[in-house]
2 protein chains.
Amino acid sequence: VNELNLTYEEATKLRFFIDEPTFTDLHWGMFVPAIKGQGTEEQQEKWLPLAQKMQIIGCYAQTELGHGSNIQGLETTATFDSKTDEFVIHSPTLTSSKWWPGGLGKVSTHAVVYARLITEGQDHGVHGFIVQLRSLEDHIPLPGITVGDIGTKFGNGGYNTMDNGVLRFNHVRIPRNQMLMRILQVSREGKCTYSDVPRQLIYGTMVYVRQTIVSDASIALSRAVTIATRYSCVRRQFGSQNGGPETQVIDYKTQQNRLFPLLASAYAFRFVAEWLKWLYGDVTARLNANDFSMLQEAHACTAGLKSLTTTATADAIEECRKLCGGHGYLCSSGLPELFAMYVPACTYEGDNMVLLLQVARFLVKTVSQLGSGKQPVGTTSYMGRGEYLMQYHSNVERAEDWLKFGAILEAFEARAFKMVVSCAQSLLNFPNPEEGFAELSVDLAEVAIAHCQLIVVSKFIDKLKQEIAGKGVKQQLVYLCNIYALSLLHKHQGEFLATSTITAEQASLATTQLRNLYSQVRPNAVALVDSFNYTDHYLGSVLGRYDGNVYPKLYEAAWKDPLNDSVVTDGYVEYIKPLLKGKLNLSRL
Amino acid sequence: VNELNLTYEEATKLRFFIDEPTFTDLHWGMFVPAIKGQGTEEQQEKWLPLAQKMQIIGCYAQTELGHGSNIQGLETTATFDSKTDEFVIHSPTLTSSKWWPGGLGKVSTHAVVYARLITEGQDHGVHGFIVQLRSLEDHIPLPGITVGDIGTKFGNGGYNTMDNGVLRFNHVRIPRNQMLMRILQVSREGKCTYSDVPRQLIYGTMVYVRQTIVSDASIALSRAVTIATRYSCVRRQFGSQNGGPETQVIDYKTQQNRLFPLLASAYAFRFVAEWLKWLYGDVTARLNANDFSMLQEAHACTAGLKSLTTTATADAIEECRKLCGGHGYLCSSGLPELFAMYVPACTYEGDNMVLLLQVARFLVKTVSQLGSGKQPVGTTSYMGRGEYLMQYHSNVERAEDWLKFGAILEAFEARAFKMVVSCAQSLLNFPNPEEGFAELSVDLAEVAIAHCQLIVVSKFIDKLKQEIAGKGVKQQLVYLCNIYALSLLHKHQGEFLATSTITAEQASLATTQLRNLYSQVRPNAVALVDSFNYTDHYLGSVLGRYDGNVYPKLYEAAWKDPLNDSVVTDGYVEYIKPLLKGKLNLSRL
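Treat the numbers as computed from the prediction; the structure is a model and nothing was measured.

So, the sheet that holds strand β7 (residues 145–149) of chain B
All names here are of chain B.
For step 1, the next point in the chain: Pairing is antiparallel across the open sheet formed by 3 strands, whose spatial order is β4-β8-β7. A single partner strand is all that each edge strand has here, and the edge strands are β4 (98–99) and β7.
For step 2, the next point in the chain: Where β7 lies against strand β8 (residues 165–169), 5 bridges are found, and the strand directions are antiparallel. Residue pairing in the sheet places Gly148 in a bridge with Val166 of β8.

Pasting the structure below:
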């Protein structure tokens, strides 16, 4: 970055192409932003130049061995000692050991450490502190600091290029000015004062981070779909007639039924990610104007979409691997590593289940305020038509009617709204609302999914209202939009039927229409994945080669395996030969 | 085996505890059985003693680079040369290279090779041939044979302990008596004669192999569930009140809703595997008595259950990993490797989608023969009550009614039967039945799943009609049986509603009852997984430890990582120090 004089955006783009998790992700993606977001101006002036020139390397030490999602449960303490004007950072228990931070294990010299602020005997909750971990001279951990790597992770590449770390403090002292004090200041005497910086700012950051995760989901998904689609055209199985070639597997309806909804999802997630980027801009502009009216809705919407898209993408990568048959299991297919590298997205930056429940709470609150005349905003504005939606029964009569975006949109709206209302009503039966939330959490999660699916469908439809360049391109995207929506409708048929949004007959028409659409997409399937425009180098998959020259290259790749360096394998003399000659020494067993 | 004088069964059990794929799996599991099943008596007399003493090591070379599921599409040829009384084994194309056989890459000295038999210019289809690959003196591949390993596979352990191989033949000659001739004999002159050995025997073998796969599924699933259940009791997140400990995650309904149906499935698959073992015995006895009446049904049933249980188990292992939160991503959790090692089961011994379509064909055929008075047998015998089931509407009125096995069974029977009938009718609309099968294959696969789920539910219920020892054990199993059935009913609600088997109200009652059952299972969840009786050593999971002492052991495990052998990491001097000092040489980037 420094050598090449790149801007922050250019550097981010370059790191994206490295396509391998590394300590710099956390340095630039979390350490620097944390100081920018939570540090005072003096702190930024002191630390940012050091970080930007990489004279220090930082990481983000939040999660602990016993504490993941619940930040308020963190145990590490930062106790103010007014005698020396220092904080004492300490790990009081084993479960308080920092655990997972990327870049921490072997590389970082500094960390933003989250710890409970304790001054004058009082616990003021969790705050961030800049702590030096290793000597800048010889990289040896400073006194009181125990730091190391947490061990091997999923996959044989994947996140094993990242030094996720463990970190313990034994009464480590740092100067008072290394607490990040933009929100809360601790004075020389140990008194706490909150600044007038709006605390909602933190939601802005979360919207930003999660928006990038949705965008990453659309990228990961489109990579997997590209590989599976291309190879499904190369691969042939069964169906040979009169000694001709076998059928391309992409021509099987069962393959199309598994693959094309994923192709449609890749586009759907891409468009919703684009929209989220716009939303973040909008949120930022409003925050700067001290307008917080849309913040909660934007936060819920981003949290829900993060959960929806990452879960769907993780499952889809594995499904794409299976769609490649046995060869998908070879690392040279690129899919095992893509999966192993992708799945943490379901857990980091908010566990997907925890996020769904946050969304559901927001939805229930929104519905319960409808009576009081509070207008729902943004992605919940459909709830303003609550009376209409409660009475809604689809009027689809023929399979083609399911091609109309209006019919799709209203069905998704009615299903989501009826489900929210039903949950909200059930909650009223509990004397204690928290107990109700706990008991009904499974239903609440389903409600949140229904709402988030509606968002993705509606943003896809919005996109198609715009001009789209290229002959026939828009028509193909219309097919994909219909496939996305109707495949969800088929999968969640039970909910559409149980809420009387559609009838069994209409459900059957939707399924018929869905399967008809596959034939429309089939001739352009390869073009639709080619347009993601990934190079063979970036895809890293023999099966997903642009030129379709799969088998010769797969054969070639095998011979590069180090096991093939020698014709007679290592261990032949020690193990195989004695076995064959019946001279294996029993004691060696 | 030979040193310890074990029986075949004892040896199989011991190999199971090694719990790592290795070349001996294929030697004992495929090479030896292939000779036993397809070899003549003389061939068995000659080759079996050599194999049993491991004076030769064999593998099973069927799959080719371009050909997986479709055995009839294999390209390798075995051309009879009557001049020399030999077969010439040859790989005419790149795609005909043998690809995947386990044990082939580096270890095996011999293989049963499947190739197209060609004599007198005629192609007689695919048959097995015993071919020596490597010298028994120095292990060097014999002339005309190219053999090696196909490269790295999914996971960082998993199947990478197995030398899956690639093999090509350049006109390799073997004596005529090395073709396995139990079914088809080739004479000195090159004439083919079929023996009177019933060809259905091959179905018996498939029933056997797939039966063991279902049993393996129940084992893999119960391992994953054991880990997730135990760790869900150890792990606490959120919900702390008045500074007390946080809530055990197993107490969250969302966790129970994901975990307990998997626990129930582990038991369900175990019981259906037990029953399949009995079925195989029954099939064998009937085959010996030349009774083929049940064979087709037994074959379809085993194929379907292989597909159903392996798909469910692969998904469940990954779900269990997610249920362990972030720590499930560490290899020390045991789950990543279990997953990577397990997933091939969805593809080998019949791709799961291909198998479902075979089952569906059988079901459609069974239904279409009902009119002609042919009585459906075995697991299809419910179709004999077709008229009743077509008219069936569940009479459930209260949530508790869903506890009755009769109500569950009839609902599953009616759903499956109505779906088969509906598909069979749609097929009649096609002038060409094969075209109909292709067009409707997605629906057909759903039909097959509905039927197979019914089998598992009904075998679970049958099991509970027997005496079960232990106080309260039976009651717990009854709860699990209900959870298994009702969670499927919830998941496939759409099908139960669309076939008018149940009403929206009844679906909602089923869901209510399902969630009530979780509270019944919660107190015994740990006992229910402890009873699988896996040792910590076998489980290989820090999270799944029997004593629950997870965090100290996780912490300990981290320090064993080789990266932690040195305090200052390798590469510090070369890369990190120059970076920090701003002296990184640009050319090195």
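Brief notes about unusual backbone geometry
All names here are of chain B.
For step 1, the next point in the chain: Of note in the backbone geometry, Asp85 takes a positive phi value of approximately 60 degrees without being a glycine.
For step 2, the next point in the chain: Located in the positive-phi region is His171, a residue other than glycine, with phi close to 50 degrees.
For step 3, the next point in the chain: On the secondary structure map, His171 appears in the loop between β8 and β9 (172–175).
For step 4, the next point in the chain: Given a relative accessible area of 48%, His171 falls into the partly exposed group.

Section: the pattern of salt bridges
Close approach of charged atoms allows side chains with opposite charge to pair.
For step 1, the next point in the chain: Tallying each qualifying case throughout the model produces 58 salt bridges over all chains.
For step 2, the next point in the chain: Between Asp251 of chain A and Arg522 of chain A there is a salt bridge whose closest N-O contact spans 2.6 Å. One end of the pair, Asp251 of chain A, is in the loop between α4 (201–234) and α5 (253–288); the other, Arg522 of chain A, is in the loop between α15 (504–521) and α16 (525–530), with 271 residues separating them in the sequence.
For step 3, the next point in the chain: Given a relative accessible area of 18%, Arg522 of chain A falls into the buried group.
For step 4, the next point in the chain: When the shortest N-O distance is used, the salt bridge between Arg116 of chain B and Asp123 of chain B registers 2.7 Å.
For step 5, the next point in the chain: A relative accessible area of 16% places Arg116 of chain B in the buried class.
For step 6, the next point in the chain: Linked by salt bridges that have partners in common, Arg398, Glu400, Asp401 and Lys404 of chain A make up one network.

A short note on the pairing of strand β6 (residues 122–132) of chain B
Each regular strand shows side chains that alternate between the opposite faces of the sheet.
Residues and elements named next belong to chain B.
For step 1, the next point in the chain: Here strand β5 (residues 110–119) runs beside β6; their pairing, made up of 9 bridges, is antiparallel. Counterpart to Ala115 in the pairing with β6 is His127.
For step 2, the next point in the chain: The hairpin turn running from β5 into β6, its antiparallel successor, is 2 residues long, and Glu120 in that turn takes a positive phi close to 50 degrees.

Considering the interface of chain A and chain B
For step 1, the next point in the chain: Contacts between the two partners involve 110 residues from chain A and, on the opposite side, 110 residues from chain B.
For step 2, the next point in the chain: Interface area for chain A against chain B, summed over the two sides, is near 9300 Å², with a carbon-plus-sulfur share of 63%.
For step 3, the next point in the chain: Joining chain A to chain B, the criterion identifies 10 salt bridges.
For step 4, the next point in the chain: For Lys581 of chain A, the salt bridge goes to Glu137 of chain B, with nearest N and O atoms at 3.2 Å.
For step 5, the next point in the chain: Linking chain A with chain B are 34 residue pairs in polar contact (both at pLDDT 80 or more).

Notes on the pairing of strand β3 (residues 86–90) of chain B
Residues and elements named next belong to chain B.
For step 1, the next point in the chain: In terms of burial, β3 is a largely internal element, 4 of the 5 residues being buried.
For step 2, the next point in the chain: Bridge count for strand β2 (residues 77–81) against β3 is 5 bridges, and the pairing is antiparallel. Across the sheet, the residue bridging to Asp81 is Glu86, located in β3.
For step 3, the next point in the chain: Linking β2 back to β3 in an antiparallel pair, the connection comprises 4 residues, with Asp85 at a positive phi of about 60 degrees.
For step 4, the next point in the chain: One ladder, built from 4 bridges, connects β3 with β9; its direction is antiparallel. Of the residues in β9, the one forming a bridge with Val88 is Arg173.

Side note on helix α6 (residues 295–323) of chain B
Residue and element names in this part refer to chain B.
For step 1, the next point in the chain: A rise of 1.5 Å per residue sets the reference length of α6, with its 29 residues, at 42 Å; its end C-alpha atoms lie 41 Å apart and thus fit the reference within 8%.
For step 2, the next point in the chain: When you tally the buried positions in α6, you get 24 out of 29 residues, the bulk of the element.
For step 3, the next point in the chain: Immediately beyond the C-terminal end of α6, within one or two residues, lies Gly325, with a positive phi of roughly 65 degrees.

Things to note about the relation of the copies chain A and chain B
Applying a rotation about an axis and a shift along it to one chain copy brings it onto the other copy.
For step 1, the next point in the chain: Turning chain A through 180 degrees and shifting it by 0.0 Å along the axis lays it on chain B, with an RMSD of 0.0 Å. The operation mapping one copy onto its partner corresponds to a two-fold rotation axis.
For step 2, the next point in the chain: The fraction of interface residues of chain A whose copies in chain B are also interface residues reaches 100%, indicating that both copies meet through the same surface.

Examining the packing of aromatic side chains
For step 1, the next point in the chain: For the structure shown, the criterion picks out 44 aromatic pairs over all chains.
For step 2, the next point in the chain: Note on Phe154 of chain A and Tyr329 of chain B: the rings are 6.1 Å apart at their centroids and 65 degrees apart in plane angle, and the pair reads as edge-to-face. Remark: Tyr329 of chain B occurs in the loop between α6 and α7 (335–342) and Phe154 of chain A occurs in the loop between β7 (145–149) and β8 (165–169); the pair is interchain, linking two chains. Taken as a pair, Phe154 of chain A and Tyr329 of chain B share a single burial class, namely buried.
For step 3, the next point in the chain: Seen in terms of ring centroids, Phe412 of chain A and Phe496 of chain A are 5.2 Å apart; in terms of plane orientation they differ by 75 degrees. Their pairing is edge-to-face. Residue Phe412 of chain A is located in helix α10 (residues 405–428), and its partner Phe496 of chain A is located in helix α14 (residues 493–498); the two are separated by 84 residues in the primary sequence. Each member of the pair Phe412 of chain A and Phe496 of chain A is classed as buried.
For step 4, the next point in the chain: Put simply, the rings of Trp100, Phe154, Tyr159, Tyr329 and Phe339 of chain A together with Trp100, Phe154, Tyr159, Tyr329 and Phe339 of chain B pair up and form one aromatic cluster.
For step 5, the next point in the chain: Positioned over the ring face of Tyr538 of chain A is Arg223 of chain A, at 4.3 Å from the centre of the ring.

Quick look at the environment of Cys481 of chain A
Residues and elements named next belong to chain A.
For step 1, the next point in the chain: With respect to the helices, strands and loops of the structure, Cys481 is situated in helix α13 (residues 473–491).
For step 2, the next point in the chain: Accessibility expressed as a relative area gives 2% for Cys481, which makes it buried.
For step 3, the next point in the chain: Residues contacting Cys481, with those up to four places away along its chain left out, are Phe405, Phe460, Ile461 and Leu464.

A short note on helix α4 (residues 201–234) of chain B
For step 1, the next point in the chain: Counted at 1.5 Å a residue, the expected span for α4 of chain B with its 34 residues is 50 Å, and the 51 Å between its end C-alpha atoms agrees.
For step 2, the next point in the chain: Of all the 34 residues making up α4 of chain B, 24 are buried; the element is thus mostly covered by neighbouring parts of the structure.

What to know about the packing of helix α2 (residues 23–38) of chain B against helix α3 (residues 41–52) of chain B
Residue and element names in this part refer to chain B.
For step 1, the next point in the chain: Close contact between α2 and α3 brings their axes to 9 Å; oriented N to C, the two are set at 165 degrees. Overall, the two elements α2 and α3 adopt an arrangement that is roughly antiparallel. Considering only the axes of α2 and α3, their crossing is left-handed. Mapping the contact onto sequence places His27, Trp28, Phe31, Val32, Ile35, Lys36 and Gln38 in α2 and Gln43, Gln44, Trp47, Leu48, Ala51 and Gln52 in α3.
For step 2, the next point in the chain: Along the lines of polarity and charge, the residues of the contact of α2 with α3 split into 7 nonpolar, 5 polar and 1 charged.

About the thresholds
- Residues numbered from 1 in each chain as written.
- Chains lettered and ligands numbered in written order.
- Predicted model: local features only at pLDDT ≥ 70, side-chain atom pairs only at ≥ 80, totals over all residues.
- Heavy atoms only, no water.
- Pairing = 2+ DSSP bridges.
- Helix = DSSP H or I, 4+ residues; strand = E, 2+ residues; numbered from the N terminus.
- Buried < 20%, exposed > 50% of the residue type's maximum accessible area, 1.4 Å probe, protein only.
- Salt bridge = Lys/Arg side-chain N within 4 Å of Asp/Glu carboxyl O.
- Contact = heavy atoms within 4.5 Å.
- Buried area = accessible area lost by both parts, 1.4 Å probe.
- Polar contact = N/O pair within 3.5 Å; in protein donor to acceptor, adjacent residues only side chain to side chain.
- Expected span 1.5 Å × (residues − 1).
- Least-squares fit on C-alpha atoms with pLDDT ≥ 70 in both.
- Phe/Tyr/Trp six-rings, centres within 6.5 Å; stacked < 30°, edge-to-face > 60°.
- Lys NZ or Arg CZ within 6 Å of the ring centre and 35° of its normal.
- Axes fitted to C-alpha atoms, helices over the stretch in contact; angles between N-to-C directions.
- Parallel < 35°, antiparallel > 145°, perpendicular 65-115°, else oblique.
- Left-handed = near helix turned anticlockwise from the far one by under 90°.
- Nonpolar A, V, L, I, M, F, W, Y, C, P; charged D, E, K, R; others polar.

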